[in-house]
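Observations on the three-dimensional arrangement
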Amino acid sequence: MRQTRTAPTSLTFTTSPAPHARGRALAGWLALAAAAALLPMDGAAQDRPRGDGPDRPATPTADGPVIRVPADTMATKEGSVSIGGQRVPYRVTTGTQPVWDDAGQPIASVFYVYYERSDVRDRSRRPLVISFNGGPGSASVWMHVGYTSPKLLAMDPEGFPVQPYGVRDNPHSILDVADIVYVDPVNTGFSRILNDADREQFFGVNEDVEYLASWIDTFVSRRGRWTSPKFLIGESYGTTRVSGLAARLQGAHWMFLNGVILVSPTQMGVEREGPVGDALMLPHYTATAWYHDALTPELQTRDLEELLAEVEAFTLDEYLPALSRGGALSPERRAALAARVARYAGLDPDFVVDYNLAPPVTAFRKELLRDRGLTVGRLDARYRGVDRMDAGESYDFDPALTAWNHAFAPAINHYLRDDLGWETDLQYWIFGPVHPWNRSGDRTGENLRQAMAQNPFLHIMVQSGYFDGGTDYFGAKYTMWNMDPAGRLQDRMRFHGYRSGHMMYLRDEDLGPSNQHIRDFIAWATENTGRPARY
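If you tally the helices and strands in the chain, you get 14 helices and 17 strands. In the chain, of all internal contacts separated by at least 6 residues, the share reaching a separation of at least 24 is 73%. A total of about 20300 Å² of accessible surface is found on the chain, and carbon and sulfur atoms cover 49% of it.

Encoded structure:
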């Protein structure tokens, strides 16, 4: 494929290393040094930060000499992919774009990969999708080479890693109907803090939203996409991010969106503590037990969606009110409820009673298959693990995340470095050092509601996997219902559930339908073209 590299137009200087800067001893970016503005990096380490889940990456501990990174540069290649029997030519741009402070000085370098269909002349009607993953502290790798882009990592049909690692064409990519940019927030992927910039201005719910909104403003301006229909898609913590961004872009940058796609959404500031949070997990327990053949024969032979509808109704109409009564429940009612919960969850009634009718999800993952010597995953309960011992109340590790790291890390490094030719000795941080993370003031669900109320064109779609125990699907429904308590916005919301986990797209059977749901959502959210924005 043809490749070109473009020098930055706004930055033509270099700076000396900050005396306290830390980095990995590497020789990166020599080929770009003459063309790009190179600035010292803060916060690097010799080893990739590790964590036990996307929302808990560990802080690195090793120090090293400074490595210099490009603040503002890009490279392009041409390619094509077959989508739905149609050959779609595209241009892919890998690049970095700065975050500036109030004085106009670059304080961070944000890495992105941008795909645009190259046979489209008029982009004023061409949708633009801006994609984020979560963590906080996770790179955009997951949806990039797992979901919507023209490239897909090698995995088996159920989403388990296979060797040799690598990528292949994605026949379900949404590139036929929309251009897509995948953004790595600061200290994820190849994105880095520059010089001695204050870390606290990047790492928090509202801090994250503020700098990324400005970054998106610049990206859209540089690419001439102000008139394009624009969509945000976020996964996991990325749903918190894009919900806040919808309001920030609209309120501070006067950039109005057509849609927000929430993949495996978080609480987004919609509280569910106490009996509510305890009760909402039961449908996930049922789905997990059903998948592992741990239910009674009567329930096991039922269709999953049909069974879940029954459990959801029980959860709202009987289980939640009973939990709210706490110790005031009669012994007879307590025993009857424990038997019902145990039946739906594939557990022993005594186990349910021992946890006051609300076994926590950590204990459930350890208990469900304990008699088989197995645990089930957090982010995808279809995955099974083996602990050091069967005793205990929680598993040793999340078998789902461990399996995914097998495939995603080599695939994204191979694709960016070898296929796209991005030249760097920086480590690609699947999970980066972003903690401590300021979680105060999280009103992102309310922010999204306000943005919808003020923008009649703004639509929402939620995609959730039934086997996701980290951001459970029934909790996602609860968030949708309660971020709009008056019910006035429900006609602009859609929900899709899948027989998969946190990353439902990893399962072949769900990859095609979930991408098609995005296509349908884009068409739905842009069908008012030419009509006035009014109620």
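That covers the picture; the talk isn't over yet.
Below, the discussion takes up the packing of helix H5 (residues 282–291) against helix H7 (residues 304–325). For the pair H5 and H7, interaxial distance at closest approach is 9 Å and the crossing angle is 150°. Between H5 and H7, the angle falls in the class roughly antiparallel. The hand of the H5/H7 crossing is right-handed. Every residue of H7 that contacts H5 at Leu282, Pro283, Thr286, Ala287 and Trp290 is listed here: Leu304, Leu307, Leu308, Val311, Glu312, Phe314, Thr315 and Tyr319. When the residues that make up the contact of H5 with H7 are grouped by side-chain class, the tally is 10 nonpolar, two polar and one charged.

As a further point, take helix H11 (residues 399–419). A rise of 1.5 Å per residue sets the reference length of H11, with its 21 residues, at 30 Å; its end C-alpha atoms lie 30 Å apart and thus fit the reference within 8%. Within the span of H11, buried status applies to Pro399, Ala400, Leu401, Ala403, Trp404, Ala407, Phe408, Ala411, Ile412, Tyr415 and Leu416. On its buried face, H11 sits against strand S6 (106–117), helix H1 (141–148), strand S8 (151–153), strand S9 (167–169), strand S14 (375–376) and strand S15 (384–385). With a side-chain oxygen positioned 3.0 Å from the backbone nitrogen of alanine 400, the residue opening H11 is aspartate 398. Just downstream of H11 lies glycine 421, where phi reads positive at about 75°.

Of all five residues making up strand S13 (residues 259–263), five are buried, and the element is well covered by its neighbours. Where strand S12 (residues 230–235) meets S13, five bridges bridge the pair, whose relative direction is parallel. Within the sheet, the bridge partner assigned to phenylalanine 231 lies in S13 and is glycine 259. One crossover worth recording links S12 to the parallel S13 by way of helix H3 (residues 237–252), and it is right-handed.

The subject of this paragraph is helix H13 (residues 473–483). Counting buried residues in H13 gives nine out of 11 residues, a clear majority hidden from the surface. Elements that come into contact with the buried residues of H13 comprise helix H4 (275–280), H5, H7, helix H12 (444–454), strand S16 (459–465) and strand S17 (493–498).

Summed over the entire model, instances satisfying the criterion amount to 27 salt bridges. Across the pair arginine 123 and glutamate 116 runs a salt bridge whose closest N-O atoms are separated by 3.7 Å. Comparing arginine 123 with glutamate 116 shows no difference in burial state: the two are buried. A salt bridge links aspartate 380 to arginine 382, with the shortest nitrogen-to-oxygen separation between them at 2.8 Å. Exposure remark for aspartate 380: the relative accessible area of 0% places this residue in the buried category. With a relative accessible area of 2%, arginine 382 lands in the buried category. It is possible to trace a salt-bridge network through shared partners that takes in Glu78, Arg91, Glu116, Arg123, Arg126, Asp179 and Arg225.

Counting 94 residues, the largest nonpolar core has Phe202, Ile216, Leu245, Leu282 and Tyr319 as the members making the most contacts within it. For isoleucine 216, the residues in contact, after removing those within four places along its chain, are Ile130, Phe132, Leu232, Leu245, Leu249 and Met255. Listed in part, the 63 residues of the second largest apolar core include Phe231, Tyr383, Ala411 and Phe521.

Geometrically, a packed helix pair is captured by the angle between its two axes and the distance between the axes. Two elements in contact, H1 and H11, have axes separated by 10 Å at closest approach and are oriented at 85°. Taken together, the axis directions place H1 and H11 in an arrangement best described as roughly perpendicular. Counting all contacts with H1, which are made through Val141, Trp142, His144, Val145 and Gly146, the residues of H11 involved are Leu401, Trp404, Asn405, Phe408, Ile412, Tyr415 and Leu416. Broken down by class, the residue content of the contact of H1 with H11 amounts to nine nonpolar, three polar and no charged.

So, on to the side chain of arginine 192. Relative to the assigned elements, arginine 192 resides in strand S11 (residues 192–194). A polar side-chain atom of arginine 192 sits 2.7 Å from the main-chain carbonyl oxygen of glutamine 427.

Let us now look at the packing of aromatic side chains. Applying the stated criterion to the full structure yields 27 aromatic pairs. These aromatic residues form a ring-pair network of at least three members: Phe202, Phe203, Tyr211, Tyr237 and Trp437. Over the ring of tryptophan 429 we find arginine 192; its NZ or CZ atom is 3.7 Å from the centre of that ring. When the ring centre of tryptophan 524 is taken as origin, the NZ or CZ atom of arginine 494, which lies over that ring, is 4.0 Å away.

What counts and how
- Residues numbered from 1 in each chain as written.
- Predicted model: local features only at pLDDT ≥ 70, side-chain atom pairs only at ≥ 80, totals over all residues.
- Heavy atoms only, no water.
- Helix = DSSP H or I, 4+ residues; strand = E, 2+ residues; numbered from the N terminus.
- Contact = heavy atoms within 4.5 Å.
- Areas by Shrake-Rupley, 256 points an atom, 1.4 Å probe, with all protein chains shown as cover.
- Axes fitted to C-alpha atoms, helices over the stretch in contact; angles between N-to-C directions.
- Parallel < 35°, antiparallel > 145°, perpendicular 65-115°, else oblique.
- Left-handed = near helix turned anticlockwise from the far one by under 90°.
- Nonpolar A, V, L, I, M, F, W, Y, C, P; charged D, E, K, R; others polar.
- Expected span 1.5 Å × (residues − 1).
- Buried < 20%, exposed > 50% of the residue type's maximum accessible area, 1.4 Å probe, protein only.
- Polar contact = N/O pair within 3.5 Å; in protein donor to acceptor, adjacent residues only side chain to side chain.
- Pairing = 2+ DSSP bridges.
- Right-handed = clockwise from strand over helix to strand, strands pointing away.
- Salt bridge = Lys/Arg side-chain N within 4 Å of Asp/Glu carboxyl O.
- Core = buried A, V, L, I, M, F, W, Y, C linked by side-chain atoms within 4.5 Å.
- Phe/Tyr/Trp six-rings, centres within 6.5 Å; stacked < 30°, edge-to-face > 60°.
- Lys NZ or Arg CZ within 6 Å of the ring centre and 35° of its normal.

Purely geometric numbers; function is a separate question.
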